[in-house]
Amino acid sequence: ELKVEQNPLFLSMQEGKNYTIYCNYSTTSDRLYWYRQDPGKSLESLFVLLSNGAVKQEGRLMASLDTKARLSTLHITAAVHDLSATYFCAVDKETSGSRLTFGEGTQLTVNP
Amino acid sequence: NAGVTQTPKFRVLKTGQSMTLLCAQDMNHEYMYWYRQDPGMGLRLIHYSVGEGTTAKGEVPDGYNVSRLKKQNFLLGLESAAPSQTSVYFCASSYIRMPRSYGYTFGSGTRLTVV
């Protein structure tokens, strides 16, 4: 059974600081997705990582994938309040036929 | 281009009542999914469909049924609602595995409360 674990689950940080969210998964996969969810809203796709060593950046967010370590990171640079949201990673298991398994989510709060 | 549309957006049911949640997509996606979201548990797959007329069980299928009579629609039914089914339900759709990079498109969610 594929398990996807995120840490931390809750993150409170000050504006201007840097931090990293970690996503570990339990089985072989070369496809990992990051989503953002604002309170009461749907999920918005942030990044799609399709191979070992993949790195994607958008604004203050950068995601990377290490398939050998079964680890993805979402790095936040110089956080701003607008980044406050819940972030989910999701893994597409090779043999599952495009079914995503989600982590528990990391609730990020950026304080002024 | 509406994407993925879910109806209703909110609903309160009494224990034992039945209801159907509708998901409609206009992107000609082959795959469709129903997830439920509960605090601290991420999203869990209820049922999914890889094409018109096909359905399959996901991680938490008990108490739910689904149908996909048309490619663009995926219905989730609760035959006899229970308080444990209080949740936010998300529908999603995607292309088949190739091209792999698109991932899911999500609907806006249905907030269901069973009292």
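Residues numbered from 1 in each chain as written. Chains lettered and ligands numbered in written order. Predicted model: local features only at pLDDT ≥ 70, side-chain atom pairs only at ≥ 80, totals over all residues. Heavy atoms only, no water.

Trainee: Sorry, what's going on with the pairing of strand S11 (residues 106-111) of chain A here?
Mentor: Residues in a regular strand project their side chains so that they alternate between the two faces of the sheet. Residue and element names in this part refer to chain A. On S11, burial follows the alternation: Thr106, Leu108 and Val110 on one face are buried, whereas Gln107, Thr109 and Asn111 on the facing-out side are not. Bridging between strand S2 (residues 10-14) and S11 involves five bridges; their strand directions are parallel. In the strand pairing of S11, Ser12 is matched with Thr109. As defined by bridge partners, strand S9 (residues 85-92) adjoins S11 across three bridges and the pair is classed as antiparallel. Across the sheet, Thr86 pairs through a bridge with Gln107, a residue of S11. (Buried < 20%, exposed > 50% of the residue type's maximum accessible area, 1.4 Å probe, protein only. Helix = DSSP H or I, 4+ residues; strand = E, 2+ residues; numbered from the N terminus. Pairing = 2+ DSSP bridges.)

Trainee: Would you explain the nonpolar core in this entry?
Mentor: Judged by nonpolar contacts, the single largest core of 25 residues is most densely connected at A:Leu32, A:Trp34, A:Leu74, A:Ile76, A:Tyr87 and A:Leu108. Contributing elements (two or more residues each) for this core: S2, strand S3 (19-25), strand S4 (32-37), strand S5 (43-49), strand S7 (61-66), strand S8 (71-76), S9 and S11 of chain A. When residues in this core are grouped by element, the largest group, four residues, is from S9(A). Not counting chain neighbours up to four residues away, the residues in contact with A:Leu74 comprise A:Tyr19, A:Thr20, A:Ile21, A:Trp34, A:Phe47, A:Leu61, A:Met62, A:Ala63 and A:Tyr87. B:Trp34, B:Val60, B:Cys91 and B:Leu112 belong to the second-largest nonpolar core, a separate cluster that totals 20 residues. (Core = buried A, V, L, I, M, F, W, Y, C linked by side-chain atoms within 4.5 Å. Contact = heavy atoms within 4.5 Å.)

Trainee: How do you make sense of the pairing of S7(A) when you look at a structure like this?
Mentor: Residues and elements named next belong to chain A. Burial along S7 is one-sided: the face carrying Leu61, Ala63 and Leu65 is buried and the face carrying Met62, Ser64 and Asp66 is not. Relative to S7, strand S6 (residues 55-58) runs antiparallel, the two being bridged by four bridges. Paired with Gln57 across the bridge in S7 is Met62. The sheet contact formed by S7 and S8 spans six bridges and is antiparallel.

Trainee: For this particular structure, what's the right way to read the environment of A:Asp30?
Mentor: Note on placement: A:Asp30 falls in the loop between S3 and S4. In this structure the C-alpha to C-alpha distance between A:Asp30 and A:Ser84, which are 54 residues apart in sequence, comes to 28 Å.

Trainee: Explanation requested: the state of the cysteines in the structure shown.
Mentor: Defined simply, a disulfide is a covalent bond joining two cysteines at their sulfur atoms. The full count for this structure, using the stated rule, is two disulfides over all chains. The side chain of A:Cys23 participates in a disulfide bridge whose partner is A:Cys89; the two sulfur atoms lie 2.0 Å from each other. Here A:Cys23 and A:Cys89 share a disulfide; its torsion about the S-S bond, 80°, makes the bridge right-handed. Taken together, the residues span a long stretch of sequence, with A:Cys23 in strand S3 and A:Cys89 in strand S9 at a distance of 66 residues. For the pair A:Cys23 and A:Cys89, one class covers both residues: buried. There is a disulfide in this structure between B:Cys23 and B:Cys91, and the S-S distance comes to 1.9 Å. Its S-S torsion of about -75° marks the bond between B:Cys23 and B:Cys91 as left-handed, since a negative value means left-handed. (Disulfide = S-S within 2.5 Å.)

Just geometry here; none of it tells us what the structure is for.
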